[in-house]
Amino acid sequence: MATRFENITMIGRLCYIFMCIERYLLAIYPDRDWTLVARKMWQCPAADKWWGSEWSGYYRITPESIIKFKYDDDGHWNPITREEYEQAAALYAGLTDGKPEDEICHVLRIPFDMFNACDGHDYNNEAAEEITISAIGEIEGILKVHDIPLPDLSLVAEYVPKWDGDGELFDRWGMPTLGTEKLSIILNGGKSE
C-alpha cells in the first residue's frame, strides 16, 4: 500500500481518508444528513498547519466530543456554534452513545488519531509516512468489511510533494491545500471531481 501513496502529500492522504469516511457514512447511514460533518472535515486541508481551529472544529463534531461534553458557551467549544452542536447531537442520536469502540466513533476518529500520532512524532516525515499509511489501511479495511467501494486514488494524484531545484524534497505535507472540498461527494451532491 505504501507505494500507492508514496507520491501523495500528507494532505492528499488525509483527503483520501475523508473520501473513505464519506463513503462509509453514506453507505451505512444513508438516511442522515452528513453535511455538517463533511463541511468540518474538508476545512482541515486548508489549515496552514496540521493543527489549528479547523482540526478543533472537526474534533468537536465527532460523536465522542458531542456526547462527552455539554455545550456551555465558555469558549471551549469554539469553533463550533451551539446550533452546530445541537445539529451534531441530533445526527448521532440513536446511532451511538459515544463509546470509542462503536464503529462510527472509530471511523470518525481515524483522522484525529492520525493527527495526534504525527504530532507526537514532531511531524517527522518518516514517522508520518507510516502513520498515514496505517490510517489509510484502517479505514480501507472498514470499507472492505462492508463491501463499500474504495475512492478512486487518481482523485488525489494532484497532491504531490514539492521538490526544490536540486531534487531535494522540501514539502512532504502540502499545507495549506485549498479547494479540496471538490473531492467531497456529500458537499457536491453525490459527485466528486
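Attention now moves to the overall build of the protein. Broken down by element type, the protein carries eight helices and two strands. Beginning at the N terminus, the succession of helices and strands in the protein can be written as α-α-α-α-α-α-α-α-β-β. Scored against the burial criterion, the 193 residues of the protein give a buried share of 48%. Restricting the contact set of the protein to residue pairs at least 6 apart, pairs at least 24 apart contribute 68%.

Looking at the secondary structure, you find proline 149 in the loop between helix H8 (125-145) and strand E1 (162-163). Judged by relative accessible area, proline 149 falls into the exposed class, the value being 62%. Note: C-alpha distance between proline 149 and tyrosine 24 (125 residues apart in sequence) is 9.3 Å. Among residues more than four places away in sequence, those in contact with proline 149 are Arg23 and Leu143.

The next point concerns the side chain of glutamate 22. Residue position: glutamate 22 is located in helix H2 (residues 10-28). The charged side chain of glutamate 22 is buried without a salt bridge, its nearest counter-charge being arginine 23 at 4.9 Å. Excluding residues within four positions of it along the chain, glutamate 22 makes contact with Ala38, Met41, Trp42, Leu183, Ser184, Ile185 and Ile186.

Next up on the list: the nonpolar core. Ranked by internal contacts, the top residues of the largest apolar core, which has 58 residues, are Ile21, Tyr24, Trp34, Val37, Tyr92 and Ile104. When residues in this core are grouped by element, the largest group, 12 residues, is from H2.

Our focus in this paragraph is the packing of aromatic side chains. For the structure on display, the rule yields eight aromatic pairs. Seen in terms of ring centroids, phenylalanine 5 and tyrosine 16 are 5.0 Å apart; in terms of plane orientation they differ by 70 degrees. Their pairing is edge-to-face. With phenylalanine 5 in helix H1 (residues 2-5) and tyrosine 16 in helix H2, the pair connects residues that are 11 residues apart, well separated along the chain. Phenylalanine 5 sits in the buried class, given a relative accessible area of 0%. Using a relative accessible area of 0% as the deciding quantity, one classes tyrosine 16 as buried. Ring geometry for tyrosine 24 versus tyrosine 29: centroids 6.4 Å apart, planes at 75 degrees, classification edge-to-face. Looking at tyrosine 24, the relative accessible area reads 0%, which means it is buried. Take tyrosine 29: its relative accessible area is 16%, and that puts it in the buried class. Grouping aromatic residues by their ring pairs yields a cluster made of Tyr24, Tyr29, Trp34 and Tyr92.

Let's shift gears to the side chain of threonine 180. For threonine 180, the position within the fold is in the segment after strand E2 (169-171). We classify threonine 180 as buried; its relative accessible area is 0%.

When the pLDDT values of the protein are averaged, the result is 88; 89% of them are 70 or greater. Model confidence for the protein, summarised as mean pLDDT per element, is weakest for E2 at 71 and strongest for H2 at 97.

Thresholds, definitions, all that
- Residues numbered from 1 in each chain as written.
- Predicted model: local features only at pLDDT ≥ 70, side-chain atom pairs only at ≥ 80, totals over all residues.
- Heavy atoms only, no water.
- Helix = DSSP H or I, 4+ residues; strand = E, 2+ residues; numbered from the N terminus.
- Buried < 20%, exposed > 50% of the residue type's maximum accessible area, 1.4 Å probe, protein only.
- Contact = heavy atoms within 4.5 Å.
- Lys, Arg positive; Asp, Glu negative; His and termini not counted.
- Salt bridge = Lys/Arg side-chain N within 4 Å of Asp/Glu carboxyl O.
- Core = buried A, V, L, I, M, F, W, Y, C linked by side-chain atoms within 4.5 Å.
- Phe/Tyr/Trp six-rings, centres within 6.5 Å; stacked < 30°, edge-to-face > 60°.
- pLDDT = per-residue confidence, 0-100.

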